[in-house]
Every structure is written in C-alpha cells, then in structure tokens.
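Listed here are the chains, written in short residue letters.
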Amino acid sequence: MPWEEATVHISSVGHASVSAAFEGVHSYWSAERGVLHGFRLRDHMQRLLDSLRLSWLEPEFDADALVAATVELLASWKASGKDLYVRPWGFAAGTHKEQMVPRGTPAEIAIETWEFESKLGQGRTCTLAVSSWPRFNPGASPASMKVFSNYHNGRLGNVDARARGADWPVFLNGAGNVTESSGSCIALVKGGRIITPDLASGVLDSITRKTLFQLAEEELGLTVEARPVERTELYLADEIFLMGTAAEVLPAVEVDGFRLGDGKTAGEVTRALEACYHDTVRAVTAKHDEWLTPVPAA
Ligand code: PMP
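Every value quoted in this text rests on a predicted model; they were computed, and no experiment measured them.

A. Quick peek at the overall build of the protein chain. Counting its secondary structure elements, the protein chain contains six helices and 15 strands. In terms of overall size, the protein chain behaves like a compact globule, its C-alpha atoms giving a radius of gyration of 19 Å where 298 residues would be expected to give roughly 19 Å. Counting only C-alpha atoms and orienting by the principal axes, one finds that the protein chain spans roughly 50 × 45 × 30 Å. When contacts within the protein chain are restricted to residue pairs at least 6 apart in sequence, long-range pairs at least 24 apart make up 71% of them.

In structure tokens, the structure reads:
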C-alpha cells in the first residue's frame, strides 16, 4: 500500500516500542544478472520471529510466508536497478491501555521498503569513539533480541560519539570489554588474524558478521577469533571495521584519536573482505546463491 496510507492506531503500545521487534534487510540490484535480490532474507525473517518469540508475542506467519510477502512487495516496487532497504517489523496487536502486554499476545507484521544504495567499493571510511555510555547489560535485556527498546542505549552512545567528533560509537560492556556499535558489529585485524567480540560479550548475532567470517575463511583463508576483546586492543589494532546490513563493510581509520594504518584509507584485509562481500551481494559470483532470494519483475 502507499506509504501515506500505512497507519496504525495511536494507542497501539507495541507501536510505541515496548513490545516491538524489527529487522533490516538489504536488497541488492545485480547488474550482472539483471535482477533484484533479497540478501539472506529468510535468515532475517527467522531472526525476527525469534525476537518476537523471546518477547512472548505470537505472529501468525512463518518465515516462508514473510519471505513470500517481501518478494511480492519488492516486485511491485518501481525502483528497478536500485538497491532497497527492507524493514520488516512486528508489534503487539491491539490497542493496549497498559505497557505490560501479556504473554501470547498476537503480533502484527508490517514490511516497509525504501531506496537504499549500497556504498560498497566507494572508499568509504569512518572514525570511532568509545562510548561514555556503557552497553546495556545483556542479562537484563538480551543483545540477541532485535527489539526497538534495545536501541535507546545505542542512540545515547551515537549522539555522544558525534558530539565528540566521531562517526560511530563503540560500546563497552560491564567488564570493560568491547561489544559492538549502535547499529553494527565490530572486528579488528591484528597480525593477519580477524578478532571480534564473542556473542557472550553482548552482541547481536549479526547476519553480516556470519557472512563475512565465512567469506574470510573460505575465500581469503583467514582465521577468525571470537572472544572477549579489551578496549586497548582497539588502540593497537592494524585495522578495524564495522559490519552490518546497512553499514555493510565500513573501515575505521581512527578510534579515540589512535590512528589505524595510515589514518586515511582502509587496510588490506578490510579491503579484501569488502570486495568479497560486494561480489557476493551483487551476485557477481555464484558461490553463495543460497543467500540470494531473486525478486521476479512485476
Ligand atoms: N548490532 C546492532 C546493534 C545492529 O542494530 C545491527 C544491525 N542489524 C548489527 C549489529 C548488524 O546485524 P546484521 O548484520 O544482522 O544487520
């Protein structure tokens, strides 16, 4: 339906974010194949269902139905040749008068899409600052749940990093170890190895992270270590990059004033990973067609 007609009742408490989960999916245009693809669409839908289940909400659709609905939405979109962003989200159905939505409440699902061009291969870089706000305690609100309410902490760190002249925050957990950024995961490169905070550090189980580490091992023969990462390791890293559906592979050139590499351009490993990711999402290679859901033209 047209954007302006997609409305929801003002009293929907789920919509007011306490009881709502969401996903972000990148849909890439492949010039090679002349087709739009949803990238790892089913994995995103499964994570949405998992987030809703952990929120005690019950959507009436399964992952296959959500994939089919997204394909239908994308096929009707007139942005042929463009990359799109897809936001499927679920929220407690009904107009609840109080925030404590009971267990088993049905979840409504909405799927939105808009143009969102990939920035892969454009020489993009960013700067980072360790957030003065620590990361929320995953024991109190699991980082594995992609729920809107987890993002308030992310926003505080984001605004804080920008006020200090950096592009993105890096959150530390209660033990002072590195977790992730506000909308992406983080990894560093040291001595040719990729090192990343493990999930137990309090990190979203990122689909881009899984994709990149598989490509790093398969295509580049690199070793990936997931373990607690100390803040000081960031300062002494050879390279650092952020990764996520929207961030894609985003090289960092500075963290808290410590320069990474030449302080201007991405390092060698990050560049190689970015190239592999580009070829995968744009379907230049057929090695991972299982990650691509083609959208037939309407
Ligand atoms: N961490 C957070 C907090 C995020 O919001 C995101 C974006 N969804 C990520 C990591 C990266 O996850 P993914 O690769 O699945 O997009």
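Having seen the model, we can carry on.
B. Broad picture of helix α6 (residues 268-281). Look at α6: 20 Å from first C-alpha to last across 14 residues, which is about the 20 Å you get at 1.5 Å a residue. Residues of α6 that are buried make contact with β2 (25-30), β3 (35-39), β9 (185-190), α4 (207-220), β12 (239-244) and β13 (248-255). Immediately downstream of α6, the backbone of A283 shows phi near 60°, a positive value.

C. Main features of the site of the ligand. Around the ligand there are 13 residues in total, and S206, I207, T208, G244 and T245 lie nearest to it. The greatest single-element share of the shell around the ligand, amounting to three residues, is contributed by α4. Its residues placed into classes, the shell around the ligand shows three nonpolar, eight polar and two charged.

D. Representation of the domain arrangement of the protein chain in the model. Split by domain assignment, the protein chain resolves into domain 1 (3-117) and domain 2 (126-281). Taking only C-alpha atoms, the centre of domain 1 and the centre of domain 2 are 25 Å apart. Contact with domain 1, which involves 19 residues of that partner, is made by 11 residues of domain 2. For the side of domain 1 that touches domain 2, the secondary-structure elements that each account for two or more residues are β1 (20-22), β2 and α1 (41-54). Here the element with the most residues in the side of domain 1 that touches domain 2 is α1; it accounts for five residues.

E. Seen up close, helix α3 (residues 151-163). In this model α3 runs 18 Å from its N-terminal to its C-terminal C-alpha over 13 residues, within 8% of the 18 Å that 1.5 Å per residue would give. When we look at burial in α3, the residues that qualify are G157, N158 and A161. All buried residues of α3 lie within an arc of 105° about the axis, which places them on one face of the element. Turned more than 90 degrees off the buried face of α3, the exposed positions are H152 and A163. On its buried side, α3 packs onto β7 (126-130) and β8 (168-170). Just past α3, the residue G165 takes up positive phi, approximately 85°.

F. Fine view of the environment of A143. Here A143 shows up in the loop between β7 and α3. Separated by 26 residues in sequence, A143 and E117 have C-alpha atoms that sit 27 Å apart. Discounting residues that sit within four places of it in the chain, A143 has contacts with P138, G202, V203 and L204.

G. Highlighting the packing of α1 against helix α2 (residues 63-76). The N-to-C vectors of α1 and α2 enclose an angle of 125°; their axes lie 9 Å apart at closest approach. By the criterion of interaxial angle, the relationship of α1 to α2 is oblique. Handedness of the crossing formed by α1 with α2: right-handed. Residue-level contacts link L41, R42, M45, Q46 and L49 of α1 to A63, L66, V67 and T70 of α2. In the contact of α1 with α2, the residues fall into six nonpolar, two polar and one charged.

H. How the structure looks around unusual backbone geometry. One non-glycine residue, R40, adopts positive backbone phi at about 50°. The residue R40 is located in the loop between β3 and α1 in this model. Although it is not a glycine, A283 adopts a positive phi angle of roughly 60°. Structurally, A283 is set in the loop between α6 and β15 (292-295). Taking the number of C-beta atoms within 10 Å as the measure of exposure, A283 has 21 and is therefore buried.

Conventions and cut-offs
- Residues numbered from 1 in each chain as written.
- Predicted model: local features only at pLDDT ≥ 70, side-chain atom pairs only at ≥ 80, totals over all residues.
- Helix = DSSP H or I, 4+ residues; strand = E, 2+ residues; numbered from the N terminus.
- Rg over C-alpha atoms; globule rule 2.2 N^0.38 Å.
- Contact = placed C-beta atoms within 7 Å.
- Expected span 1.5 Å × (residues − 1).
- Near = placed C-beta within 6 Å.
- Nonpolar A, V, L, I, M, F, W, Y, C, P; charged D, E, K, R; others polar.
- Domains from an automatic or database assignment.
- Buried ≥ 20, exposed ≤ 12 C-beta atoms within 10 Å, placed from the backbone.
- Arc of directions from axis to C-beta.
- Axes fitted to C-alpha atoms, helices over the stretch in contact; angles between N-to-C directions.
- Parallel < 35°, antiparallel > 145°, perpendicular 65-115°, else oblique.
- Left-handed = near helix turned anticlockwise from the far one by under 90°.

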